[in-house]
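Secondary and tertiary structure notes
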Amino acid sequence: MIPILLVVILITALVSFKGFNDPSFFSKYEFHIGRIQNGEKYRMITSAFLHADLGHLFFNMFTLYMFAPIVIAYYSSFYFIVIYFGSLIVGNILTLSFYKNNPYYRAIGASGAVMGVLYASILLNPGMNLYLFFIPIPIPAYIFGIGYLSYSIYGMKKNNDNIGHAAHFGGAIGGFVLTLVKSPEIISTEPLLVGLLLIPIIVLFVLIKTNKL
């Protein structure tokens, strides 16, 4: 396994297992709107190393294991870290903005960071297919990307489950933007892909601007 990827997965696993068995530790480092607004900004980062349970941890780390090598192969271990933590921060900023009036809102997990890496992979390897557990046929990565962002908007609007849709969406935006900053030529070589992925992002901001979300 690529050393930097192994380090990220191991640290996340160790911290998550600590959180499984230590509620005070979990509470101190989780994403908590009220505490962040009161100055505990470190939670914007530390919350990514905590997970709800073993299944949550496995799904995030397995997804990262599958797609991080694409980003590292195209760029470097350093820029993979830039995309990973940059997407995490963008995802948590969007969450903080979206739930700013709910000081009790809490969240944990690396999903936003992982989504950023996944979206970077889609831009770097647009012909890639994804195999989802519940669908036995390959799905073009860009179709998944558009569909997932659209589903995230729906989840943010309904707000009736325990999924951090805002973090996922923000993470995807982070990966999308940081990849285009690093490789702006993708805009000219894959204009249709870039345009299609932009549609749900534009829709989200229009809905927010018009107070419909």
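Residues numbered from 1 in each chain as written. Predicted model: local features only at pLDDT ≥ 70, side-chain atom pairs only at ≥ 80, totals over all residues. Heavy atoms only, no water.

So, about the packing of helix H7 (residues 111-124) against helix H9 (residues 165-182). At a closest axis distance of 7 Å, the pairing of H7 and H9 adopts a crossing angle of 40 degrees. When the axis of H7 is compared with that of H9, the two are oblique. Relative to H9, the crossing made by H7 is right-handed. Contact residues: H7 offers Ser 111, Gly 112, Met 115, Gly 116, Tyr 119, Ala 120, Leu 123 and Leu 124, while H9 offers Ala 167, His 168, Gly 171, Ala 172, Gly 175, Phe 176, Thr 179 and Leu 180. (Axes fitted to C-alpha atoms, helices over the stretch in contact; angles between N-to-C directions. Helix = DSSP H or I, 4+ residues; strand = E, 2+ residues; numbered from the N terminus. Parallel < 35°, antiparallel > 145°, perpendicular 65-115°, else oblique. Left-handed = near helix turned anticlockwise from the far one by under 90°. Contact = heavy atoms within 4.5 Å.)

This part takes up the environment of Ala 110. Here Ala 110 shows up in the loop between strand S2 (106-107) and H7. Among the residues examined, Ala 110 registers a relative accessible area of 0% and is labelled buried. Separated by 103 residues in the primary sequence, Ala 110 and Leu 213 place their C-alpha atoms 24 Å from one another. Ala 110 has contacts with Ala 48, His 51, Asn 60, Met 61 and Tyr 84, leaving out every residue within four places of it along the chain. (Buried < 20%, exposed > 50% of the residue type's maximum accessible area, 1.4 Å probe, protein only.)

In this model helix H1 (residues 3-21) runs 27 Å from its N-terminal to its C-terminal C-alpha over 19 residues, within 8% of the 27 Å that 1.5 Å per residue would give. Leu 5, Val 8, Ile 9, Thr 12, Ala 13, Ser 16 and Gly 19 are the residues of H1 that are buried. Taken around the axis of H1, the buried residues stretch over an arc of 130 degrees, which confines them to a single face. For H1, the exposed residues set more than 90 degrees away from the buried face come down to Pro 3, Leu 14 and Asn 21. Buried residues along H1 sit against helix H2 (23-29), helix H5 (54-74) and helix H6 (77-98). (Expected span 1.5 Å × (residues − 1). Arc of directions from axis to C-beta.)

This part takes up the layout of surface pockets. Within this model, the second largest pocket holds a volume of roughly 190 Å³. Lining the second largest pocket are Leu 94, Ser 97, Phe 98, Tyr 99, Lys 100, Asn 101, Phe 205, Ile 208, Asn 211 and Leu 213. Elements supplying a minimum of two residues to the lining of the second largest pocket: H6 and helix H11 (191-209). With three residues, the top contributor of residues to the lining of the second largest pocket is H6. Its residues assigned to classes, the lining of the second largest pocket shows six nonpolar, three polar and one charged. (1 Å grid on protein atoms, 1.4 Å probe; cavity = no way out; pocket = protein on both sides within 12 Å on 5 of 7 lines; lining within 4 Å. Points joined across faces, edges and corners; volume = space filled by probe spheres on them. Nonpolar A, V, L, I, M, F, W, Y, C, P; charged D, E, K, R; others polar.)

Now for the pattern of salt bridges. Under the definition given, this model contains three salt bridges. Notably, a salt bridge pairs Lys 18 with Asp 22, separated by 3.1 Å at the nearest N-O pair. The class for Lys 18 is partly exposed, based on a relative accessible area of 41%. For the salt bridge of Glu 40 with Arg 43, the shortest nitrogen-to-oxygen distance reads 2.6 Å. (Salt bridge = Lys/Arg side-chain N within 4 Å of Asp/Glu carboxyl O.)

So, about the packing of H1 against H6. Packed helix pairs are characterised by how far apart their axes lie and by the angle those axes make with each other. Here H1 crosses H6 at 40 degrees, and the two axes come no closer than 10 Å. Here Ile 4, Leu 5, Val 8 and Thr 12 of H1 lie close against H6, whose contacting residues are Ser 77, Phe 80, Ile 81 and Tyr 84. Tallied by class, residues from the contact of H1 with H6 come to six nonpolar, two polar and no charged.

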